[in-house]
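What follows is each chain in one-letter form.
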Amino acid sequence: GAAEPCDPQSLFVTTGRGVYLSNNAGASWKYVKGFSRSYMVPLLITGETIVVAAAAGPPSMWPMTQQGADALLFQSIDRGHSFSPMVWDDGVAHPMRGMVMRLLPNPANANEFFGVLSDGSAIRVDQRSGVTRTIANRLPPAYDFAVIP
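The text that follows walks through the structure, step by step, so that each part is easy to find.

Parameters at a glance
All chains use their own residue numbering, which begins from 1 and follows the written sequence. For this predicted model, a pLDDT threshold of at least 70 governs which residues receive local features, and a threshold of 80 or more governs which side-chain atom pairs are given and counted, while totals over whole chains, interfaces and linings are taken from all residues. Only hydrogens and water are removed before side-chain values are computed, so all heavy atoms of the structure are retained for them. Per the convention used, a helix needs a DSSP run of H or I reaching at least four residues, while a strand needs a run of E reaching at least two, with both numbered from the N terminus. In this setup the radius of gyration rests on C-alpha atoms only. A globule is expected at 2.2 Å times the number of residues raised to 0.38. Relative accessibility decides the category of a residue: with a 1.4 Å probe and only protein chains considered, values under 20% of the type maximum give buried, values over 50% give exposed, and everything between is partly exposed. Contact definition: two residues touch when any of their heavy atoms are within 4.5 Å. Per-residue and other accessible areas were derived by the Shrake-Rupley procedure at a 1.4 Å probe size, with only the shown protein chains allowed to occlude residues. Whenever Lys or Arg places a side-chain nitrogen within 4 Å of a carboxyl oxygen from Asp or Glu, that contact is recorded as a salt bridge. Strands qualify as paired when DSSP identifies two bridges or more between them.

Quick look at the overall build of the chain
A count of helical and extended segments in the chain gives 0 helices and 13 strands. In the chain, the succession of α and β elements from N to C terminus is β-β-β-β-β-β-β-β-β-β-β-β-β. In terms of C-alpha radius of gyration, the chain reaches 15 Å, essentially the compact-globule figure of 15 Å for 149 residues. Principal-axis analysis of the C-alpha atoms gives the chain an extent of 45 × 35 × 30 Å. Considering the chain as a whole, with its 149 residues, one finds that 43% of them fall into the buried category. Expressed as a percentage of contacts within the chain between residues at least 6 apart in sequence, the contacts between residues at least 24 apart total 42%. Carbon and sulfur atoms provide 53% of the accessible area of the chain, an area that totals close to 7900 Å².

Dropping the structure here:
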């Protein structure tokens, strides 16, 4: 979970059943609707943008289908009221076989963030264009990483 920097009363949490939002420091929670996938792991708040990754099902299902996690990145630019899928460099929101397990901002560029996936790939996202690019693949499955300036 994470608190919105400009409003510490606004909290977000990702779960195996989607995103929840509290506007009163956790006293009550509201389910955020509008996602085409529901199993969520990472959450990143950078400036005014909120980013989450969501898979079509739980981890036990990922190795059982050709689509794997069938995951997408979603972003909100309106403080979590709505989310839209993020696209790749061809302008299409392609589902990823691996699930994004961790998202971190690029300390050298406030307009970028990185992610690592359960299938051994890593991605870079340019927030200005909203474009996602693969920057590594064929690594062992990753669940965490560090960005060192």
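From this point on, the discussion continues.
Side note on the environment of glutamine 75
With respect to the element layout, glutamine 75 can be found in strand S7 (residues 72–76). Once the C-alpha coordinates of glutamine 75 and leucine 43 are considered, the two residues, 32 residues apart in sequence, prove to be 9.9 Å apart.

Digging into the pattern of salt bridges
Per the stated rule, a full pass over the model turns up 4 salt bridges. Here arginine 102 makes a salt bridge to aspartate 144, at a shortest N to O gap of 2.8 Å. Of this pair, arginine 102 sits in strand S10 (residues 100–106) while aspartate 144 sits in the segment after strand S13 (131–136); the two residues are 42 residues apart in sequence, bridging distant segments of the chain. Arginine 124 is the salt-bridge partner of glutamate 112, the closest N and O atoms lying 3.9 Å from each other. Taken together, the positions of glutamate 112 in strand S11 (residues 109–117) and arginine 124 in strand S12 (residues 122–126) put the pair 12 residues apart, joining distant regions of the chain. Residue class for glutamate 112 comes out buried when judged on its relative accessible area of 14%. The exposure class of arginine 124 is partly exposed, given its relative accessible area of 36%.

Section: the sheet that holds S13
With mixed pairing, the 5 strands of this open sheet are ordered in space as S9-S13-S12-S11-S10. The open sheet is flanked by strand S9 (87–88) and S10, the only strands paired with a single partner. Inspection of the sheet shows S11 paired to S12 by 5 bridges, in the antiparallel sense. For phenylalanine 114, the partnering residue across the bridge sits in S12 and is arginine 124.

Some remarks on the sheet that holds S7
In a beta sheet, neighbouring strands are held together by backbone hydrogen bonds and run either parallel or antiparallel to one another. Here we have 4 strands laid out as an open sheet, ordered S5-S6-S7-S8, and antiparallel in their pairing. Either end of the sheet is taken by a strand with one partner, and the two such strands are strand S5 (39–46) and strand S8 (84–85). The pairing of strand S6 (residues 49–55) with S7 spans 5 bridges and is classified as antiparallel. Opposite valine 52, over in S7, you have phenylalanine 74 as the bridge partner.

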